[in-house]
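Notes for the structure review
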Amino acid sequence: MGVEFSACYTSPKIRARDTARLACRALNTEPIEVEVLADGFTREDALELVYAHGDDGRVLVVGHEPSFSQVVYDLTGGRIDFKKGWIAAVTVARGGGELLLLLRPREVESLARS
């Protein structure tokens, strides 16, 4: 993919955790479980995760609806209708962010096999 991540954060719920493990296998990293991703994840929570890796940190976050789409919108301005098993990669700089990657389950599986 040509993209490196500082960390991968995931909800501790089974489906998200399994999805994160698939992605992380392809990215040669391990997912970190974060309880706030299980319910009520906010823009501020996302910024806290990103800024833990400096101003240029790139993190992969695997979470749930209904809050997840709103957080991506709040960070990037991009409207996304997440479905189960989807993964988004967002880079955030002070004052704004950019959506780097959006993967559906079949794309994650394809990357994991590569």
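Everything below is about the structure shown above.
To keep things clear, this report deals only with the structure shown in the data block. Counting restarts for each chain, with residues numbered from 1 along the sequence as it is written. With the structure being a predicted model, the display of local features is reserved for residues of pLDDT at least 70 and the display and counting of side-chain atom pairs for 80 or more, all residues being used for whole-chain, interface and lining totals. For the side-chain quantities, the full set of heavy atoms in the structure was used; hydrogens and water were omitted.

1. Here's the deal with the overall build of the protein
For the protein, the count of helices and strands is four helices and five strands. We count a stretch as a helix when DSSP gives it H or I for four or more residues in a row; a strand needs E for two or more, and each element gets its number in order from the N terminus. Ordered by position in the sequence, the α and β elements of the protein form the string β-α-β-α-β-α-β-β-α. Atoms counted for the radius of gyration: C-alpha only. Globule rule: 2.2 Å times residue count to the power 0.38. A compact globule built from 114 residues would reach a C-alpha radius of gyration of about 13 Å, and the protein, at 13 Å, matches this within 12%. Dimensions of the protein along its principal axes, counting C-alpha atoms only, are 35 × 30 × 25 Å. For each residue, the accessible area found with a 1.4 Å probe, counting protein chains only, is set against the maximum for its type, and the residue is called buried under 20%, exposed over 50%, and partly exposed in between. Residue burial in the protein is summarised as follows: out of 114 residues, 39% are buried. Residue contacts are counted whenever heavy atoms from the two residues lie within 4.5 Å of one another. Counting contacts in the protein only where the partners sit at least 6 residues apart, residues at least 24 apart contribute 53% of the total. In short, Shrake-Rupley with a 1.4 Å probe defines the accessible areas, and a residue's cover is counted only from the protein chains shown. Carbon and sulfur atoms form 46% of the exposed surface of the protein, whose accessible area is close to 6,500 Å². Averaging the coordinates of the 14 positive side-chain charges in the protein and doing the same for the 17 negative ones gives two points 7 Å apart. Counted as positive: Lys and Arg. Counted as negative: Asp and Glu. His and the chain ends are not counted at all. Throughout, a charge is located at the NZ atom of Lys, the CZ atom of Arg, the CG atom of Asp or the CD atom of Glu.

2. Considerations on the pairing of strand β1 (residues 7-10)
The side chains of a regular strand alternate, residue by residue, between the two faces of the sheet. Taking every second residue as pointing to the same face, both faces of β1 are buried, with Ala 7 and Tyr 9 on one and Cys 8 and Thr 10 on the other. For two strands to pair, DSSP has to find at least two bridges joining them. With four bridges connecting them, β1 and strand β3 (residues 58-62) associate as parallel partners. Directly across from Ala 7, in β3, lies its bridge partner Val 59. Both β1 and strand β2 (residues 31-33) contribute to a ladder of three bridges, which runs parallel.

3. Details of empty space enclosed by the protein
Buriedness for pockets is judged along seven lines, at least five of which must meet protein on both sides within 12 Å for an open set on the 1 Å grid over protein atoms alone, while cavities are sets there where a 1.4 Å probe fits but cannot get out, and lining residues have an atom within 4 Å of a point. Grid points are joined across faces, edges and corners, and a volume is the space filled by probe spheres set on the points. Overall, the coordinates contain two cavities of 30 Å³ or more when judged by the stated rule. Reported here for the largest cavity is a volume of approximately 110 Å³. Phe 41, Ala 46, Val 50, Val 59, Val 61, Phe 68, Val 71, Val 72, Leu 75, Ala 88, Val 90 and Val 92 are the residues that line the largest cavity. Contributing elements (two or more residues each) for the lining of the largest cavity: α2 (43-51), β3, α3 (67-76) and β4 (87-93). Here the lining of the largest cavity gets four residues from one element, more than from any other, and that element is α3. For the lining of the largest cavity, the class distribution of residues is twelve nonpolar, no polar and no charged. Each residue receives one of three labels: charged for Asp, Glu, Lys and Arg, nonpolar for Ala, Val, Leu, Ile, Met, Phe, Trp, Tyr, Cys and Pro, and polar for the others, Gly being one of them.

4. Here's the deal with the side chain of His 64
Following the sequence through the fold, His 64 ends up in the loop between β3 and α3. Within the local environment of His 64, its side chain forms a polar contact with the side chain of Ser 11, the two groups lying 2.7 Å apart. What His 64 contacts, discounting residues up to four positions off in sequence, is Ser 11, Lys 13, Ala 16, Leu 37 and Ala 38. Throughout this description, a polar contact denotes any pair of N or O atoms lying within 3.5 Å of each other; where both atoms belong to protein, one of them has to be capable of donating a hydrogen while the other can accept it, and for residues adjacent in sequence the pair is counted only when both atoms sit in side chains.

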